[in-house]
Amino acid sequence: MVHWSAEEKQLIASIWGKVNVEECGAEALARLLIVYPWTQRFFSNFGNLSSPTAIIGNPKVRAHGKKVLTSFGEAVKNLDNIKGTYSKLSELHCEKLHVDPENFRLLGDILVIVLASHFGRDFTPACQSAWQKLVSVVAHALARKYH
Amino acid sequence: MVLSANDKTNVKAVFGKIGGHAEEYGGETLERMFAAYPQTKTYFPHFDLGKGSAQVKAHGKKVAAALVEAANNIDDIAGALSKLSDLHAQKLRVDPVNFKLLGQCFLVVVACHNPALLTPEVHASLDKFLCAVGTVLTAKYR
């Protein structure tokens, strides 16, 4: 089980409390597809991903981004059992979606950058540290049931 | 991975906008890296890594200066950073994985201070640039 200090929990909760899940989720996924274009391989049925503008405006990208970040919220609510929280999702990503776990790490890093751009100076080094740890734990949990 | 003409324009624009703050950004990048990735501290046992450390600030300036130099010579990053590349291969031998960590923290610093500057396209270009710098610095490792 991952150990979270009281400070880490507070830093995570305080940021999460102010996150617009729909906006941040859409932005994070769009940036993933733009900054690491090979990640588009999982979204061939999303329609027009031909340019950054198309990706940002794509309603499927927005919707899926919201879905992904909403799921992330489950980790925030269950910091003491992220492994259990993502057990089924891990199986899904392996068996049905066939997503290389490296992609979870890429998305996690992008999410941290999106949070930094929204929170500016409030996204202190301590804050970033807690969130890098969280995205890393989530990525690990999502990869855990791979076989 | 090749930097397109657009990438080069985007990177130059970022460094142009950052201007004199580059040194400060370098220091903050290191501070964030040491906080988020404590294993990176193993390369600096001889440093005071406490908050506000003058050594970290000074080293941040050096790191930033190298990034600025690379951006100013973006058509030949390998040439511009050749001596630094030798240094990293022969003396410093920083494991290649750490350049990505530094890059992530630099992007976070830019995002914190200039969110409007870091559009998705600019983010992509800057990420590619930082990868290219890391590749150059580790190119002579073996």
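Residues numbered from 1 in each chain as written. Chains lettered and ligands numbered in written order. Predicted model: local features only at pLDDT ≥ 70, side-chain atom pairs only at ≥ 80, totals over all residues. Heavy atoms only, no water.

Chemist: Tell me what's going on with the packing of aromatic side chains, and back it up with residues and numbers.
Modeler: In the structure shown here, the tally under the stated rule is 10 aromatic pairs over all chains. Consider the rings of Phe44(B) and Phe47(B), whose centres lie 5.1 Å apart with planes at 50°: the pair is tilted. With relative accessibility at 13%, the residue Phe44(B) sits in the buried group. Residue Phe47(B) is classed as buried on the basis of its relative accessible area of 18%. Here the aromatic cluster, defined as three or more aromatic residues joined through ring pairs, consists of Trp16(A), Phe72(A) and Trp131(A). In this structure, Arg41(A) packs its charged tip against the face of Phe42(A), placed 4.9 Å from the ring centre. The positively charged end of Lys133(A) is found above the aromatic ring belonging to Trp4(A), 4.8 Å away from the centroid. (Phe/Tyr/Trp six-rings, centres within 6.5 Å; stacked < 30°, edge-to-face > 60°. Buried < 20%, exposed > 50% of the residue type's maximum accessible area, 1.4 Å probe, protein only. Lys NZ or Arg CZ within 6 Å of the ring centre and 35° of its normal.)

Chemist: An account of the pattern of salt bridges is needed here, citing residue identities and associated values.
Modeler: Residue and element names in this part refer to chain A. Across all of its chains, the model carries 15 salt bridges over all chains by this definition. With a closest N to O distance of 3.9 Å, Glu-22 and Lys-66 form a salt bridge. Taken together, the residues Glu-22 in helix H2 (residues 21–35) and Lys-66 in helix H4 (residues 59–77) connect sequence positions 44 residues apart. Given a relative accessible area of 39%, Glu-22 falls into the partly exposed group. Note that Lys-145 is salt-bridged to Glu-91, the shortest N-O span being 3.5 Å. (Salt bridge = Lys/Arg side-chain N within 4 Å of Asp/Glu carboxyl O. Helix = DSSP H or I, 4+ residues; strand = E, 2+ residues; numbered from the N terminus.)

Chemist: So what's going on with the packing of helix H1 (residues 5–18) of chain B against helix H3 (residues 54–72) of chain B? Residues and values would help.
Modeler: Residue and element names in this part refer to chain B. The geometry of H1 relative to H3 is characterised by a closest axis approach of 9 Å and an angle of 135° between their N-to-C directions. What the angle tells us is that H1 and H3 run oblique. In this structure, the crossing between H1 and H3 has a hand that is left-handed. Residues Val-11, Lys-12 and Phe-15 of H1 touch H3, and the partners they reach there are Leu-67, Val-68, Ala-71 and Asn-72. (Axes fitted to C-alpha atoms, helices over the stretch in contact; angles between N-to-C directions. Parallel < 35°, antiparallel > 145°, perpendicular 65-115°, else oblique. Left-handed = near helix turned anticlockwise from the far one by under 90°. Contact = heavy atoms within 4.5 Å.)

Chemist: I'd like a description of the UniProt feature "domain: Globin" (unreviewed entry) in chain A, backed by residues and values.
Modeler: Under the UniProt annotation, the feature "domain: Globin" (unreviewed entry) is placed at residues 3–147 of chain A. In this annotation, residues 3–147 of chain A is assigned 70% helix and 0% strand; the end-to-end C-alpha distance for the span is 26 Å. (UniProt positions renumbered as here; feature names shortened; annotations may be inferred.)

Chemist: So, the interface of chain B and chain A: which residues are in play, and what are the values?
Modeler: Taken together, the contact pairs 21 residues of chain B with 21 residues of chain A. Buried area between chain B and chain A, both sides added, is near 1,800 Å², and the carbon and sulfur share of it is 59%. Its largest share of buried area at the contact with chain A, chain B owes to Arg32(B), Pro120(B) and His123(B), together 27% of the area lost on that side. Our enumeration of links across chain B and chain A arrives at one salt bridge. Asp109(A) is the salt-bridge partner of Lys100(B), the closest N and O atoms lying 3.5 Å from each other. The biggest single contributor to the side of chain B that touches chain A is helix H6 (residues 97–113) of chain B, with eight residues. (Buried area = accessible area lost by both parts, 1.4 Å probe.)

Chemist: Which residues make up the side chain of Asp127(B), and what values do they have?
Modeler: Structurally, Asp127(B) can be placed in helix H7 (residues 120–138). Ignoring any residue separated from it by four or fewer positions in sequence, one finds Asp127(B) in contact with Val35(A), Tyr36(A) and Leu107(B).

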